[in-house]
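# Chain and residue survey
Here are the chains, one letter per residue:
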Amino acid sequence: MRSRLPHDPPAHAGLALQRYLRLEDDQEARNQAVRKLLERIQDNPIPPVYKQAFDRWKAALSEALLLEATTLTPLAIGLGNPSPLENGLAIHHTYGVPYLPGSALKGLLRRAADRFGLDPQAQAVLFGEGPNPQKKSPGQAAYLVYWDGWLDPQSKWPFQKDVITVHHPRYYGGGAGWPSDFDDPNPVAFLSVRPGTRFWIAIGSSPGQEAAQWRYTAAELLRWGLEHLGLGGKTNAGYGYFEVSLPPKPLSEAELAEELYQTYKRRIEGINGRNARGEVSWFMQELRQHPPEVRRKTLEAILRRLENFGLQRERYYQSLKDLLS
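Residues numbered from 1 in each chain as written. Predicted model: local features only at pLDDT ≥ 70, side-chain atom pairs only at ≥ 80, totals over all residues. Heavy atoms only, no water.

Each helix and strand counted, the protein chain has 11 helices and seven strands in total. The proportion of buried residues among the 325 residues of the protein chain is 41%. Restricting the contact set of the protein chain to residue pairs at least 6 apart, pairs at least 24 apart contribute 70%. (Helix = DSSP H or I, 4+ residues; strand = E, 2+ residues; numbered from the N terminus. Buried < 20%, exposed > 50% of the residue type's maximum accessible area, 1.4 Å probe, protein only. Contact = heavy atoms within 4.5 Å.)

With that out of the way, let us pick up the side chain of Arg 295. Within the element layout of this structure, Arg 295 appears in helix α10 (residues 292-308). For the buried Arg 295, no salt bridge exists, and the shortest N-O distance to an oppositely charged side chain is 8.7 Å, to Glu 293. At a separation of 3.0 Å, a polar atom in the side chain of Arg 295 contacts the main-chain carbonyl oxygen of His 290. Those residues within four positions of Arg 295 in sequence are excluded, and the remaining contacts are Leu 260, Leu 287, Arg 288, His 290 and Leu 323. (Lys, Arg positive; Asp, Glu negative; His and termini not counted. Salt bridge = Lys/Arg side-chain N within 4 Å of Asp/Glu carboxyl O. Polar contact = N/O pair within 3.5 Å; in protein donor to acceptor, adjacent residues only side chain to side chain.)

Our focus in this paragraph is the pattern of salt bridges. As enumerated under the stated definition, the model contains seven salt bridges in all. For Glu 68, the salt bridge goes to Arg 198, with nearest N and O atoms at 3.1 Å. With Glu 68 in strand β1 (residues 65-71) and Arg 198 in strand β6 (residues 198-205), this pair connects stretches of sequence that are 130 residues apart. As a salt-bridge pair, Lys 297 and Glu 258 come within 2.2 Å of each other at their nearest N and O atoms. Note that Lys 297 is positioned in helix α10 and Glu 258 in helix α8 (residues 253-269), a separation of 39 residues in sequence.

Membership of the largest hydrophobic core comes to 62 residues, with the highest contact counts inside it found for Leu 67, Leu 222, Leu 226 and Phe 242. It is helix α7 (residues 209-228) that provides the largest number of residues to this core, a total of six residues. Counting 22 residues, the second-largest nonpolar core is a separate cluster that includes Ile 268, Ile 271, Leu 303 and Leu 320. (Core = buried A, V, L, I, M, F, W, Y, C linked by side-chain atoms within 4.5 Å.)

On to helix α11 (residues 315-324). Residue pairs three or four apart in sequence face the same way in an α-helix, which turns once every 3.6 residues. Within the sequence span of α11, burial applies to Tyr 316, Tyr 317, Leu 320, Leu 323 and Leu 324. Summarising the axial view, the buried residues of α11 lie within an arc of 120°, below the 170-degree limit, and thus occupy one face. Tucked inside the fold, the buried residues of α11 contact α9 (276-287) and α10. (Arc of directions from axis to C-beta.)

Moving on to unusual backbone geometry. Of note, the phi angle at Lys 234 is positive, near 60°, even though the residue is not glycine. If you trace the backbone, Lys 234 turns up in the loop between α7 and β7 (242-245). A relative accessible area of 28% means that Lys 234 is categorised as partly exposed.

Structure follows, in structure tokens:
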């Protein structure tokens, strides 16, 4: 079948790897065929259709928290995936570009959480928990969803030819003799992702202020893991390290309440017996647009100011108190 294929491999890296490696009986000829194929793959452009798919993916996850992760070192993720070569790589089945499997990201996040000693309750939120026969609990799923990381279509072509050199092939290949300085090294060519390649990582959850805070907690842990532990294989050799950018952290309800109070603090201090009615009317219009927990601290400060002037019996005082509840 391979003899009937067109001579030049296609732009799809996965298809090229799986179907376009020439069969050679001689080991040296096979090594040359592998190097030639990898050189051809590393020169191909990103398929134009991929940008459309990426835009759809990003639009579908508009509510998720997006991290921008750029490789600082080569990335070798999915080395154990099936491949005609001795090493595989995580390549998107449809578009032929590298991606970051969500399962690998979640595993790295768990390692980071263990390093920081997260308590079991926090880990249950981030990762879920299995069934507990003693407590007769069926377990629960994680509150968060870790999507596959997608390649930024504006990146340069991400693949590069790489080499692993086995210095003692007989010893590692089956223990046929002890390793020595007289062994012949065996360079093994494989495909990796070049430094400077940018990916987008999405962390999703159910809507709500508390869920947004947990998304950011997971994102901060994942950033630490990508920058200090590395993703994929050969991290001890320097592979798999990233530079990660996070969007601004969303403020909690308590922080939003304090920010709102500080915005109006001076005006509240200016309320007196002569201007109280007009000021309360103005504040009620302003504060209605904020959630109850966010406006509570500001409303309580206004009520205390009115009480200082003995205005508790005024109708506008009661109206303001009704807004508080």
